[in-house]
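# A look at the structure
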Amino acid sequence: MAENEITFRAAREEDLPALVSMLANDELGRHREDPSIPLIPEYLEAFKAIADSPHQLLVVADLSGEVVGTLQLSFIPGLARKGAWRGQIEAVRIAETVRGLGLGERMIEWAVAQCRAHGCVLVQLTSDKT
């Protein structure tokens with residue numbers, strides 16, 4: 001995989017089927033997501049709420065026009081640390097076809113850089129207990 005083939009960008013509505021499919025493609029997601037087409041309306045409603053918020057960013061990793069990764073970034077204000085902002089990374093997924101190529105690491109590095117650019121003083125990554 002050449003460096004210039006991967007780009008990170010804001011998700012678009014037409015990316016939703018691929019994103020939901022990735023969310024459903026693991027042991028936990030298999031039981032809590034519904035990738036059937038047409039997608040249930042709740043996915044579009046959630047997408048619109050995320051897209052409309054200046055403190056949310058739904059991201060895709062694009063490999064030569066194919067969506068192969070996703071994550072969600074939240075920028076959270078707080079009083080602690082003199083009113084510092086923090087970034088939260090969640091829902092990180094990599095398409096099965098490109099796992100093991102280091103794309104997840106590159107996505108996290110990119111997300112941390114985005115948090116820095118937004119003035120965040122710390123970044124947290126959520127993980128499911130199970």
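Figured I'd write up the structure that's included with this text. (Residues numbered from 1 in each chain as written. Predicted model: local features only at pLDDT ≥ 70, side-chain atom pairs only at ≥ 80, totals over all residues. Heavy atoms only, no water.)

Here the structure, examined in full by the defined rule, presents one aromatic pair. A ring pair is formed by Phe-8 and Trp-110, whose centres lie 5.3 Å apart and whose planes are at 35 degrees; its orientation type is tilted. With Phe-8 in strand 1 (residues 6-10) and Trp-110 in helix 5 (residues 103-117), this pair connects stretches of sequence that are 102 residues apart. Using a relative accessible area of 18% as the deciding quantity, one classes Phe-8 as buried. (Phe/Tyr/Trp six-rings, centres within 6.5 Å; stacked < 30°, edge-to-face > 60°. Helix = DSSP H or I, 4+ residues; strand = E, 2+ residues; numbered from the N terminus. Buried < 20%, exposed > 50% of the residue type's maximum accessible area, 1.4 Å probe, protein only.)

So, on to the environment of Ala-24. Looking at where Ala-24 falls in the secondary structure, it is placed in helix 1 (residues 16-24). Ala-24 gets classed as buried once you look at its relative accessible area, which sits at 11%. Between the alpha carbons of Ala-24 and Pro-35 there is a distance of 6.6 Å; along the sequence they are eleven residues apart. Those residues in contact with Ala-24 that lie beyond four places of it in its chain are Gly-29, Arg-30, Glu-33 and Pro-35. (Contact = heavy atoms within 4.5 Å.)

This paragraph deals with the layout of surface pockets. For the largest pocket, the calculated volume is near 290 Å³. Along its surface, the largest pocket is lined by 16 residues, and Leu-23, Tyr-43, Ile-50, Leu-58 and Gln-72 are the ones closest to its centre. Those elements that provide at least two residues to the lining of the largest pocket are helix 1, helix 3 (41-52), strand 3 (66-77) and strand 4 (85-94). The class makeup of the residues in the lining of the largest pocket is eleven nonpolar, two polar and three charged. (1 Å grid on protein atoms, 1.4 Å probe; cavity = no way out; pocket = protein on both sides within 12 Å on 5 of 7 lines; lining within 4 Å. Points joined across faces, edges and corners; volume = space filled by probe spheres on them. Nonpolar A, V, L, I, M, F, W, Y, C, P; charged D, E, K, R; others polar.)

Bridging between strand 4 and strand 5 (residues 120-125) involves five bridges; their strand directions are parallel. Bridging across to strand 5, Gly-87 finds its partner in Val-123. The β-α-β motif built from strand 4, the intervening helix 5 and the parallel element strand 5 has right-handed crossover chirality. (Pairing = 2+ DSSP bridges. Right-handed = clockwise from strand over helix to strand, strands pointing away.)

Turning next to helix 3. Each α-helix winds once per 3.6 residues, and so residues spaced three or four apart point in a common direction. Along its twelve residues, helix 3 runs 17 Å from first to last C-alpha, staying within 8% of the 16 Å computed at 1.5 Å per residue. Taken together, the buried positions of helix 3 are Tyr-43, Phe-47 and Ile-50. One side of helix 3 carries all its buried residues, which in axial view fall inside an arc of 65 degrees. Across from the buried face of helix 3, at angles greater than 90 degrees, the exposed residues are Pro-41, Glu-45 and Asp-52. (Expected span 1.5 Å × (residues − 1). Arc of directions from axis to C-beta.)

This part covers the sheet that holds strand 1. The strand order across the open sheet formed by five strands is 1-2-3-4-5, and the pairing between neighbours is mixed. Single-partner strands in this sheet number two, and they are strand 1 and strand 5. Mean inter-strand twist for the sheet, computed between neighbouring axes without regard to direction, equals 25 degrees. Sheet analysis places strand 2 (residues 56-63) next to strand 3, joined by eight bridges and oriented antiparallel. (Axes fitted to C-alpha atoms, helices over the stretch in contact; angles between N-to-C directions.)

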